[in-house]
Amino acid sequence: ALHNHAPHNRLVLRPSPPRTTSAMEATVIRRIAALRACVMPGHRGLSGRPSHRVPLTLPGREGVSSSGARVLEWMGKKASIRQDMFLLGPPGPELRRLAFRFCELAGREVEYIALTRDSSEPELKQRREIVGGSMVFVDQPPVRAAVYGRVLVLEGVEKAERNTLPLLNNLLENREMALEDGRFLVAPARYDALIADGASDEELRSRGLIRVHPDFLVVAIGLPSATFGGNPLDPPLRSRFQACSLRQLPLTERVDALRALAPGHDHATAQLADVADSLRLLAALKPTAAGGGQRGWGGVPWFPESVLAPLARTLAELGPEGAPAAMLIHRALPWSLLGEQAAAAVEGALRHLGLPAEKVPKKNGSKSGIKSGVITSTPLRLAAVSPCALPDGGVAVQLKWVGGKAPSLSNVPAGSLTPALGRWVPRAHELPLDAQEAALAELLQVHAMGSDVCLVGGKGSGKSRVARELSRVLGLPSATIHCYKDMSSRDLLQRRSTDARGDTVWEDSPLVSAARHGWLAILDGAHRLPNGLLAAALGPLLTDRRTELPDGSRLVSAAEWEALLARGHTLAELDSARIARVHPAFRMLATAEPPSAGSAWLSAEWLPCMQFVSLKATEPREFVHALQHNLQASQSTSDKAVAQQKALSRLLGLSDALWLGLAYEPQLRASVLSVRGLVRLGACALASPERLDASLWRVLAPRLRAMPAASREAVHALLGAAGVLSID
């Protein structure tokens, strides 16, 4: 029931009526609201307002889709008979939002835990901490939910290692659990029977017996492992849950939702919805085992529903000229970075749906790779940055585009540093490269829409330079997190340490610090992260700006923070509850290398978390021509300028010799001559033209020593043919 494989039909355009709450949706909400009885007194404060643990519906998300209303109605029925639930669906925040919406409608407090492959017993029961020189046990979300009658939301069940979730088996089946501090959770019926037999509550508590609240409920969220990969549910748990799957939205309902976000662009929004339907069909046609179950025919990942809303907002701001539909789809699913078969399949689907094409000539010496015939990058370039005032006094800027090809973007959040106001030009020591300027324009558009982004490019293509320029333009301080293969969720969020007295403390990672203070968090080398870690550890933070930290504190979005204050909570109450606001200017920029056969990291779980910008490789000839253009613009006729021109001409010939000579060894070509290496050589050619050969060998020598003998001899031959003498 998860995937609807009905024949694909093109949508007939018609006027869009205003979206209203359906009768079914209103009925479901009334039924679930009737479950508000039987909640603990602690769920409401002294003034009668709901607890801060009761979720909130943010502005713009009040409506419920038909498939979501069906799930909510099912959850209400299961909650009325006190059955634990399992929600199945594709990757994305929809199921988590539905679980929180149910708890809001029923007035239920929530304990949330995101499961990863690193989740272990202390995170499911009790964790040991040293406070004041003594060891204490701290209850974790499952224990707190059982004691106080809250709803325990377990997300990412398929990511937990085997024999991890069975630790909760007795709690799920019998509502009993033995804790590390000697206490024992007892089912409410057995506890009440002991009271009826004459035992007092104080006596039972002195024996370490704790009554599980009868309103305790578990809502598990997971992906179908057969379709999206992951560990199957452990046998002891397969009979503990009642399951429900989230169905795909009908095409007409999806189009109506997109039209509400981008009024006046009916044709473009219909194209977005139509393409999303086609891509899901491609992903479901022919599953392959090589992609871990997350890739369909030809390696196309599943296209999530949640990515369409940011695309529609971009369309509403920039219009079809500034944001072509094909470019928006490429940001959500960068098919050009997939294999040849996947790129051909997606491109064929887009052409069939009538998306505009562009002619991209093949580069010299290219042996493989598909040159897309549809638009994949923005036609806009940044022209100027001007200050902009926000009603709340926040710092923002306005982005203007070259030639006025699209409307300016206003109220773009800026950082605490001084933005690069005025006409935009590269730094004095950097060259204007078109590929990097296009990537910068796309990053700014994604930032303005409030989304996070992944910048994908090969080694030495200039990803770090573009990230630095984004930080400079917006005045955003940056914090870099270097990724590695064995990284865990604690490395991304918080790590435990000790203070001067020996007590255990939790230290924020650079990413969490960036979220608190409104910095740009740069996740360098995100393609190295273990499978599933990014979505499990950072998914709620990236999609909803909300996350539960290991130390028990919580980060919420600026909108949820304002809603909590409007509900009646004071700043002191939120501070005592350890609730902090995610700064509106916070963004995460991940940098990654393109997927390959040995590292197929671009899966369906990445797509809901961020948009993607592809940084095209800059050929050496383009870089050297930019150097020559800058030198000619200076109009200098001195002897040094003439020597510099000759050195750059030699560098151009050398780059052509290496780039074309190694055309059939692209990996060797990238390692020998990257954009970063050319930057260094260009700087040397301008500073000391007579020492170009020596500079070249200083750049290439470390790389040549690491090459096999045959490859090293081939490079030496190419250098000799270009007139570069060997320098020992």
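Position numbers for residues count from 1 along each chain, tracking the sequence in the order it is written. Local features in this predicted model are restricted to residues whose pLDDT is 70 or higher, and side-chain atom pairs enter the listing and the counts only when it is 80 or higher, whereas totals over whole chains, interfaces and linings include all residues. Water and hydrogen atoms play no part in the side-chain values, which are based on all heavy atoms of the structure.

*Asks:* Describe the overall build of the chain, listing the residues and the values that go with them.
*Replies:* Strands here are runs of E lasting at least two residues and helices are runs of H or I lasting at least four, both read from the DSSP assignment and numbered beginning at the N terminus. Along the backbone of the chain there are 27 helices and 24 strands. A buried classification covers 53% of the 728 residues belonging to the chain. For the chain, restricting intrachain contacts to residue pairs at least 6 apart in sequence, the fraction spanning at least 24 positions comes to 74%. Under the convention used here, a 1.4 Å probe and the Shrake-Rupley method define accessible areas, while residue burial counts only the protein chains that appear. Per element, the accessible surface of the chain, about 31,700 Å² overall, is 54% carbon and sulfur. For every residue, the accessible area (1.4 Å probe, protein chains only) is compared with the maximum for its type, and the residue is labelled buried under 20%, exposed over 50%, or partly exposed between those bounds. Residues are treated as being in contact if the distance between any of their heavy atoms lies within 4.5 Å.

*Asks:* Pulling in residues and values, what's your account of a nonpolar patch on the surface?
*Replies:* Candidates for patches are residues over 30% relative accessible area with no salt bridge; among them, like charges are joined within 9 Å and nonpolar side chains (Val, Leu, Ile, Met, Phe, Trp, Tyr) within 5 Å. For salt bridges, the criterion is a side-chain nitrogen of Lys or Arg within 4 Å of an Asp or Glu carboxyl oxygen. A surface patch of nonpolar side chains, about 200 Å² in accessible area, is lined by Val 131, Val 136 and Val 138. In this structure, Val 136 sits in strand E4 (residues 134-139).

*Asks:* Describe the environment of Asp 139, with residues and values.
*Replies:* Within the secondary structure, Asp 139 is located in strand E4. Between the alpha carbons of Asp 139 and Pro 122 there is a distance of 9.1 Å; along the sequence they are 17 residues apart. A 3.5 Å cut-off defines polar contacts: any pair of N or O atoms within that distance qualifies, except that in protein one atom must be a possible hydrogen donor and the other a possible acceptor, and neighbouring residues in sequence count only when both atoms are side-chain atoms. Among the polar contacts listed, one links the side chain of Asp 139 to the side chain of Gln 126, at a separation of 2.7 Å.

*Asks:* So what's going on with the sheet that holds strand E16 (residues 478-482)? Residues and values would help.
*Replies:* Taken together, 5 strands build an open sheet; the order of strands is E16-E19-E23-E15-E24 and the sheet is parallel. Pairing within the sheet leaves two strands with one partner each, and these edge strands are E16 and strand E24 (611-614). Strand-to-strand, the axes of this sheet are offset by a mean angle of 20°, without reference to chain direction. Strand pairing requires that DSSP identify at least two bridges connecting the strands. In this structure, strand E15 (residues 453-456) lies alongside strand E23 (residues 587-592), joined through 4 bridges in parallel fashion. What sits directly across from Leu 455, in E23, is Thr 591. In this analysis, axes come from line fits to C-alpha atoms, helices being fitted only over the stretch in contact, and the angle between any two N-to-C directions falls in the range 0 to 180 degrees. Sitting on the sheet, helix H18 (residues 510-517) is in contact with E16, strand E19 (520-524) and E23, with an inclination near 155° to E16.

*Asks:* Account for helix H20 (residues 558-567), naming residues and giving values.
*Replies:* Of all the residues in H20, the buried ones are Glu 560, Trp 561, Leu 564 and Arg 567. Seen end-on, H20 carries its buried residues on one side only, within an arc spanning 120°. In this structure, the buried residues of H20 make contact with strand E21 (554-556), helix H21 (571-576) and strand E22 (579-581). Where H20 ends, the next residue or the one after it, Gly 568, has phi of about 120°, a positive value. This arc describes the spread of directions from the helix axis toward the C-beta atoms.

*Asks:* Can you break down the nonpolar core residue by residue, with the values?
*Replies:* Counting residues in each nonpolar core, the largest one holds 107 residues, and the members touching the most others are Leu 523, Met 588 and Met 610. The element that contributes the greatest number of residues to this core is helix H11 (residues 266-285), accounting for 7 residues. Residues within four places of Leu 523 in sequence aside, it is in contact with Ile 481, Cys 483, Leu 492, Leu 511, Leu 529, Leu 534, Met 588, Leu 589, Ala 590 and Thr 591. In this description, a nonpolar core means a group of buried Ala, Val, Leu, Ile, Met, Phe, Trp, Tyr and Cys residues linked to one another through side-chain atoms lying within 4.5 Å.

*Asks:* Residues and numbers for the state of the cysteines, please.
*Replies:* Counting rule for disulfides: a pair of cysteine sulfur atoms within 2.5 Å. Tallied over the full model, the rule gives 0 disulfides. Lacking any disulfide linkage, Cys 483 is separated from the closest cysteine sulfur, that of Cys 454, by 9.9 Å. On the basis of relative accessible area, Cys 483 is assigned to the buried category, the value being 7%.

*Asks:* I'd like a rundown of the sheet that holds strand E20 (residues 547-548), residues and numbers included.
*Replies:* Taken in spatial order, the 3 strands line up as E20-E21-E22 in an open sheet, and their pairing is mixed. Two strands close off the open sheet at either side, each with one partner strand: E20 and E22. Bridge count for E21 against E22 is 3 bridges, and the pairing is parallel. Each residue of the ladder has a partner; that of Arg 554, found in E22, is Ile 579.

*Asks:* I'd love a proper account of the packing of H11 against helix H13 (residues 325-332), names of residues and values included.
*Replies:* The N-to-C vectors of H11 and H13 enclose an angle of 45°; their axes lie 10 Å apart at closest approach. By the angle between their directions, the pair H11 and H13 is classed as oblique. Crossing geometry of H11 relative to H13 is assigned as right-handed. Facing Gln 271, Leu 272, Val 275 and Leu 279 of H11, the residues of H13 in contact are Ala 325, Leu 328 and Ile 329. Considering only residue class, the contact of H11 with H13 consists of 6 nonpolar, 1 polar and no charged. Working rule for angles: under 35 degrees goes down as roughly parallel, over 145 as roughly antiparallel, 65 to 115 as roughly perpendicular, anything else as oblique. Crossings are assigned a handedness: left-handed for a near helix turned anticlockwise from the far helix by less than a right angle, right-handed for a clockwise turn. Ten residue types, Ala, Val, Leu, Ile, Met, Phe, Trp, Tyr, Cys and Pro, are classed as nonpolar, four, Asp, Glu, Lys and Arg, as charged, and the remainder, Gly among them, as polar.

That is the geometry; function is a separate question.
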